[in-house]
Number of protein chains: 2
Amino acid sequence: MRIKLNHNVEQLEMSGIRLFTAQASAYENVIKLTIGEPKFTTPEPIKEALKKSLDNNRTFYPSFAGSETLKKEIIAYEKRVNGVEYAMDEVLITQGATGAIFTALGSILNPEDEVILFQPTYIAYQPAIEFYKGVPVFVDTTPNQFQLNYDDIKKNITPKTKAIIVNSPNNPTGVIYSEESLNVIKRILDEHDLFVISDDVYAQLVYKEATFLNQDIRYKDKTILTQSLSKPYAMTGWRIGYLCAHKDIIKSAQKIQQYATAGVPLFVQDAAEVALNTNVDEMTAFYKQNRDDVVSILRSNNIPFIYPEGAFYIFIDISTKGLDSWKFSTQFLDEYKVAVIPGVIFSPKSDYFIRVSLAASNHDCKEGVRRLVLFLYGEK
Amino acid sequence: MRIKLNHNVEQLEMSGIRLFTAQASAYENVIKLTIGEPKFTTPEPIKEALKKSLDNNRTFYPSFAGSETLKKEIIAYEKRVNGVEYAMDEVLITQGATGAIFTALGSILNPEDEVILFQPTYIAYQPAIEFYKGVPVFVDTTPNQFQLNYDDIKKNITPKTKAIIVNSPNNPTGVIYSEESLNVIKRILDEHDLFVISDDVYAQLVYKEATFLNQDIRYKDKTILTQSLSKPYAMTGWRIGYLCAHKDIIKSAQKIQQYATAGVPLFVQDAAEVALNTNVDEMTAFYKQNRDDVVSILRSNNIPFIYPEGAFYIFIDISTKGLDSWKFSTQFLDEYKVAVIPGVIFSPKSDYFIRVSLAASNHDCKEGVRRLVLFLYGEK
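First, a word on what this report is: a plain description of the structure on this page.

This brings us to the pairing of strand β5 (residues 161-166) of chain A. All names here are of chain A. Of all six residues that make up β5, six are buried, and the element is covered over most of its length. Looking at chain direction, strand β3 (residues 114-119) and β5 are connected through four bridges and run parallel. Within β5, the residue paired with Glu-114 across the bridge is Thr-161. Bridge count for β5 against strand β6 (residues 195-199) is four bridges, and the pairing is parallel. Across the sheet, residue Val-166 finds its bridge partner in β6, namely Ser-198. Tracing the backbone out of β5, into helix α8 (residues 179-191) and back to the parallel element β6 gives a crossover that is right-handed.

Below, the structure written as structure tokens:
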């Protein structure tokens with residue numbers, strides 16, 4: 001091809017997780033503890049709601065902002081669960097949290113604006129920021145047990161800082177930010193005019209009492225909530241989520257969505273109303289059981305790890321093996337037929353960790369970690 | 001809000017069509033001949049295919065590129081209908097033609113790159129170009145009966161020209177580009193390294209034999225085909241379409257889609273396979289009947305219009321009334337309860353036209369145009 005394409009987009013990296021998952025697909029009979037996708041199929045009542053919507057011929061153009069009734073359900077949900085009341089023009093229905101983050105970043109970022117990311121970090125933030133020619137600024141949380149430290153953030157704030165992205169419960173560590181961590185962010189927001197994007201996609205998957213940044217209404221105008229129905233309701237493939245923010249941000253985000261996708265199918269939105277009223281305790285209990293069983297195996301074998309209080313990942317320290325995390329994961333896959341994600345994908349500082357998904361079957365989680373013990377101790 | 005948002009996005013205009021449609025919604029019992037949306041609900045076999053896909057629990061993450069089986073159906077369709085054979089890495093499943101155009105423009109445009117648009121033009125191209133900081137360059141087709149003229153295009157080509165967008169059958173005029181028009185584009189492509197985006201969303205809605213730019217395989221590497229299932233299959237709300245282009249473009253477009261939406265739901269993709277094999281002759285015949293009936297009323301009342309050979313719009317000359325098209329449309333709505341789209345939305349040179357949608361019921365089309373006759377001749 002002789003004609004020059006958009007070099008900014010050409011430079012964006014494809015997802016390392018997907019690359020590694022694809023690499024794992026080359027093997028047969030592999031235990032996959034890679035991708036963060038529930039093993040569950042979508043609950044029947046949600047599927048039935050979509051079918052009913054189709055029967056009602058909800059096959060016409062959606063409004064760009066999202067259906068009124070779903071927005072009302074979201075407003076009711078956020079009030080009930082997080083105690084914050086949003087107006088109708090403060091909510092946008094999006095293609096998952098992916099769409100929420102994409103449109104939110106597009107609403108706020110001018111070229112060269114900086115966005116603070118905490119490493120290890122979910123890998124899709126960086127390319128979305130770079131798509132808008134923003135600059136990711138990485139703050140390492142490793143020395144602070146993956147919690148947040150005021151000085152570490154403060155020294156990275158410049159006149160170009162536009163936003164901080166917070167993800168709690170965290171992918172990849174499973175850590176929930178403590179009150180102290182949240183207070184660090186609040187202090188920063190008191191001192192600076194910037195936004196915090198609260199990416200709360202795992203907020204329903206918590207194994208202890210937890211509070212979140214978006215629950216403090218004092219910071220409502222500076223908080224951008226990105227949320228997804230993917231994880232709690234086993235709806236990853238449905239591509240539906242939402243954005244709650246100041247109406248000026250929603251207005252811009254809606255324009256981006258208008259020209260990027262023209263909205264989310266109405267029949268998906270109708271089903272989402274049912275999802276928001278679905279009890280997911282059983283699925284959460286399942287992930288917690290996986291967490292407990294895997295933790296028990298690791299503890300009884302003296303393997304260090306980060307204790308996950310939420311989400312469905314466990315970050316395991318593999319430094320005793322003396323391999324970098326990519327080599328470790330490749331060799332583990334090759335020899336033990338278990339696929340995990342190398343920690344280096346989330347941060348250069350995490351090159352002695354692997355991320356193990358706890359969203360697989362209980363058998364696969366336990367068997368995968370048993371094989372990990374064998375690999376770490378050099379037996380076969 | 002004190003913090004500055006992305007001013008490029010803030011400046012993007014919302015769709016004038018949607019604004020006018022919203023204005024029309026304030027009235028009761030209005031005949032709506034505004035939006036280009038089939039009155040039909042999606043055919044049952046397509047809806048059934050979605051339900052079956054749900055029963056098969058196709059609720060998990062789609063691959064970013066689209067499902068293999070749908071891509072194969074699209075390749076078969078394009079070979080059968082247009083005689084062009086695409087490879088698997090030359091196809092991307094998108095959120096409608098909207099998603100195809102958004103990702104295609106993002107793949108090719110660097111800031112300040114110019115894109116030639118023919119006025120009157122579909123209104124969503126300009127903001128999508130400006131989203132990427134590209135520059136729309138308008139070429140007026142009015143003096144040439146809405147066909148293309150070599151000199152008019154040639155004099156607008158600069159070293160910054162990256163692409164030309166061609167839309168045939170055309171929205172808003174209903175014109176199909178003649179062989180001469182297609183040869184004009186081909187001559188330009190012979191002389192310049194640039195892309196042509198062939199936005200063929202109305203290609204199935206034609207009322208005479210027609211050829212299209214993307215059918216000439218000599219220009220395959222310079223042609224970017226954007227296609228949608230919305231119009232032919234009455235699937236506007238499903239948000240599914242596709243992009244066919246050089247694999248380097250697809251690679252970049254796929255990255256944009258990955259970070260913008262993470263793909264199209266698998267159950268929608270599964271249903272699309274059935275859609276592509278659905279006969280739509282009946283719906284096309286319906287639109288043709290609307291066209292014929294409206295043309296007959298206009299002719300017998302000596303009202304000038306552009307004869308539509310495809311799509312489902314008719315561009316009617318309202319210059320005798322002596323009002324600009326926005327005032328005309330507002331007054332027509334107010335006094336006669338018929339909503340149409342002011343021509344000025346598509347071009348400042350079209351301020352003496354209105355666009356009337358022929359996608360409504362036959363009764364509404366005929367009754368709407370009968371009232372137009374009364375309005376034009378000053379009776380009430």
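Resuming the write-up.
All names here are of chain A. The peptide bond linking Gln-119 to Pro-120 adopts the cis configuration, its omega dihedral lying at 0°. Position of Pro-120 among the secondary structure elements: in the loop between β3 and α6 (125-131). Unusually for a residue other than glycine, Gln-145 sits at a positive phi of about 50°. Turning to its location among the elements, Gln-145 is positioned in the loop between β4 (135-140) and α7 (150-154). When the 11 C-beta atoms within 10 Å are taken as the criterion, Gln-145 is described as exposed.

Another point: the relation of the copies chain B and chain A. Turning chain B through 180° and shifting it by 0.0 Å along the axis lays it on chain A, with an RMSD of 0.0 Å. Accordingly, the operation relating the two chain copies is best matched by a two-fold axis. Among all residues of chain B, the minimum C-alpha distance to the rotation axis is found for B:Lys51, at 3.2 Å. Of all interface residues in chain B, 100% are interface residues in chain A too; the two copies therefore contact each other through one and the same surface.

Conventions and cut-offs
- Residues numbered from 1 in each chain as written.
- Chains lettered and ligands numbered in written order.
- Predicted model: local features only at pLDDT ≥ 70, side-chain atom pairs only at ≥ 80, totals over all residues.
- Buried ≥ 20, exposed ≤ 12 C-beta atoms within 10 Å, placed from the backbone.
- Helix = DSSP H or I, 4+ residues; strand = E, 2+ residues; numbered from the N terminus.
- Pairing = 2+ DSSP bridges.
- Right-handed = clockwise from strand over helix to strand, strands pointing away.
- Least-squares fit on C-alpha atoms with pLDDT ≥ 70 in both.
- Contact = placed C-beta atoms within 7 Å.

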